[in-house]
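# Geometric and topological summary
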Amino acid sequence: QDNWKASQKLNVYYGIRYSVIVPYSALWRNMAVFDPSIYDSAKAVSVSPTTGLVTIGGGDRYNGLVIPGTGFPDIAKGRFSQATDSSLTYLFRGGNVSNHYSDIQWNDWQPRAGLAYQLNSKTVIRAGGGRFITRLGISDSVFLGGNPPFQPTANVSFGNVDTPGGNSTNVLPLTVTTQSKAFKNPEAWNWNFTVERETFFNSVVTVAYVGRRGLHLQRESDINQPTTATVLANPGVNLDALRPYKGYNSIRETDNVASSRYNSLQLSWNRRFANGFSFGAAYTFSHSFDDGSNQRDIIPDTYNAHNMWGPSEFDARHVMIINYLYQVPFFANQSTLKGKLLGGWQVSGITQFQTGLPCGIGSANDYAGVGQDGSFGCGNAGQYWVINGDPKILGQFAKGGNSSDPAQYFAVTNSDGTPIFTAPAKGTFNTTQSVRGLIHQPGFENWNIGLFKKFAINERTGFQFRAEAFNALNHPNWSGPNLNPTSSTFGKVTGKTTDVRNLQLSLRYYF
């Protein structure tokens, strides 16, 4: 329900939305997902502590897997063999798992409220806030049909050219992806407070505070990761024999458990087109923090995500954008031949300045020894390194550098020569501090300029000549520094982006 209440000086908006969101179900019916609640340790297969190979024996090869729904649809039969394999019928678990698998999200109330108050003839105050819910379809982190038993995998190990299979059958642990059964809907609480003031030169100045709180955001974890304590207590034992769910390697589960917080000051100054000139300038100073910036972020330590909180990977602290359009006043009368030939020129442009985006310092090495699957965030940060100093941005690179090393973007050693970053101790994660988003990369600057000439035929039709220059100043925007502490170029900027100056000429007919 949406409503307005208005008076001469005050407009109030209020509304509320209610929804029941059912997870998309059709694609689940021909795939298997892993449900920890269905896994039965009494039916677990045996895993060799030396090789990690699986001995099924009396165990269940697909222990914990479930096919949502009550059975294969008729359309599946004859199209893939598993649809008529009676030995797989038990994976429907007696029809006790609904075909949408993840829980229905009830009572998603979305209240909204806002107001606009005219303080005087030139000043307006606005405020508003509300809750917003989004519906997710099936996650593309769960590879449809890619889980056993629908996509068989062939593993060749301990073999040679003559006998690739090694004269024996080697059953390896299964690797699967899955989705949380809870899988709450991502939501956001947005709010803002704005003051708008008409000023000189036919312009309007706006000052606004804008905030946002994000909840139930998507990220991933390996729910079959052994703990560091378990690995340390069992030296030399194959990891697959130490995992919680025997018979499986990694089990990447996507879930909506991350959160975010955004606060910003937003300033703008705009002049509407009058007397042949308009312009706009917008500046935003903002901070965005979260513990999961990307859908496929896999947290390093499944059992401890507390130190993941840090600047978002899209946290551009300062953004300035300027636009303008100027109609050259010379020979402006388009009704004369002189005006048509010499007049009708316009100059326009958009200029952008933006500070760099943050990244963490880490490497894909499995220092914890838990068989970590994938990476978390940019910079190859599979596992974050420990910081022992101040990796300050040196600032020399943008100015041309110094004689010792002009490419070094941030400090990697302390004044005494000791390294600022060190690898986590063997068998541990860096859980004492957050280095996620520690380094803000080089910023961005761009100038786009256009020169246009109008050749009017009549009031409604004509031609327009357009000369446009993108990155007109050919300003180099440097690529990010090397964030891998195991690299010989760690902390250095070794190249620039490919956004070189681009010139474009065109003739357009308008009608």
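Everything in this summary refers to the structure shown in the same document.

What follows covers the pattern of salt bridges. For the structure shown, the criterion picks out 11 salt bridges. As a salt-bridge pair, lysine 77 and aspartate 74 come within 3.7 Å of each other at their nearest N and O atoms. When the shortest N-O distance is used, the salt bridge between aspartate 222 and arginine 243 registers 3.5 Å. Residue aspartate 222 is found in strand E11 (residues 203-222), and its partner arginine 243 is found in the loop between helix H1 (228-233) and strand E12 (248-274); the two are separated by 21 residues along the sequence. Residue classification places arginine 243 among the buried residues on the basis of a relative accessible area of 2%. Salt bridges here are not isolated pairs; linked through shared partners, they connect Asp222, Asp240 and Arg243.

Within the largest apolar cluster, 20 residues are counted, with the highest numbers of intra-cluster contacts made by Met308, Ile361, Phe410, Phe421, Ile439 and Leu483. Apart from residues lying up to four places away in sequence, phenylalanine 421 is in contact with Ile361, Trp385, Val386, Ile387, Asn388, Pro391, Phe410, Val412, Leu438 and Phe490. In this structure, Ile67, Leu174, Tyr245 and Ile251 belong to the second largest nonpolar core, which totals 18 residues.

Here we come to the environment of asparagine 304. Looking at where asparagine 304 falls in the secondary structure, it is placed in the loop between strand E13 (277-290) and strand E14 (310-311). Each C-alpha atom of the pair asparagine 304 and threonine 431 lies 7.8 Å from the other, and the pair is 127 residues apart in sequence. A distance of 3.2 Å separates a polar atom in the side chain of asparagine 304 from the backbone nitrogen of histidine 306.

A cluster of nonpolar side chains, contributed by Ile16, Tyr18, Val20, Val22, Trp106 and Trp109, occupies part of the molecular surface with about 580 Å² of accessible area. Among the elements that take part in the nonpolar patch, strand E2 (residues 10-21) stands out by supplying 3 residues, more than any other. Counting through the fold element by element, valine 22 comes out in the loop between E2 and strand E3 (33-34).

Moving on: the packing of aromatic side chains. Summed over the entire model, instances satisfying the criterion amount to 18 aromatic pairs. A ring pair is formed by phenylalanine 72 and phenylalanine 150, whose centres lie 6.1 Å apart and whose planes are at 85°; its orientation type is edge-to-face. Separated by 78 residues along the polypeptide, phenylalanine 72 in the loop between strand E6 (65-66) and strand E7 (105-120) and phenylalanine 150 in the loop between strand E8 (123-133) and strand E9 (174-179) bring together distant segments of the chain. Both residues of the pair, phenylalanine 72 and phenylalanine 150, belong to the buried class. Measuring from ring centre to ring centre gives 5.8 Å for phenylalanine 353 and tryptophan 447, while their planes differ by 90°; the resulting arrangement is edge-to-face. Residue phenylalanine 353 is located in strand E16 (residues 345-354), and its partner tryptophan 447 is located in strand E23 (residues 444-456); the two are separated by 94 residues in the primary sequence. Judged by relative accessible area, which is 25%, tryptophan 447 ranks as partly exposed. Cation over ring: arginine 271 sits above phenylalanine 201, and NZ or CZ is 4.2 Å from the ring centre. The positively charged end of lysine 453 is found above the aromatic ring belonging to phenylalanine 455, 3.9 Å away from the centroid.

Take glutamine 383: it is sitting in strand E19 (residues 383-384). Overall, glutamine 383 belongs to the buried group, its relative accessible area being 1%. Within the local environment of glutamine 383, its side chain forms a polar contact with the backbone nitrogen of tyrosine 367, the two atoms lying 3.1 Å apart. Only 3.2 Å separates the side chain of glutamine 383 from the backbone nitrogen of alanine 368, close enough to count as a polar contact.

On to the environment of serine 221, then. Relative to the helices and strands, serine 221 is located in strand E11. C-alpha of serine 221 to C-alpha of threonine 302: the two residues are 81 residues apart in sequence and 5.7 Å apart in space. Once residues lying within four places of it in the same chain are set aside, the contact partners of serine 221 are Ile251, Arg252, Glu253, Ile298, Ile299 and Thr302.

Procedures and definitions
Residues numbered from 1 in each chain as written. Predicted model: local features only at pLDDT ≥ 70, side-chain atom pairs only at ≥ 80, totals over all residues. Heavy atoms only, no water. Salt bridge = Lys/Arg side-chain N within 4 Å of Asp/Glu carboxyl O. Helix = DSSP H or I, 4+ residues; strand = E, 2+ residues; numbered from the N terminus. Buried < 20%, exposed > 50% of the residue type's maximum accessible area, 1.4 Å probe, protein only. Core = buried A, V, L, I, M, F, W, Y, C linked by side-chain atoms within 4.5 Å. Contact = heavy atoms within 4.5 Å. Polar contact = N/O pair within 3.5 Å; in protein donor to acceptor, adjacent residues only side chain to side chain. Patch = residues over 30% accessible without salt bridge, like charges linked within 9 Å, V, L, I, M, F, W, Y side chains within 5 Å. Areas by Shrake-Rupley, 256 points an atom, 1.4 Å probe, with all protein chains shown as cover. Phe/Tyr/Trp six-rings, centres within 6.5 Å; stacked < 30°, edge-to-face > 60°. Lys NZ or Arg CZ within 6 Å of the ring centre and 35° of its normal.

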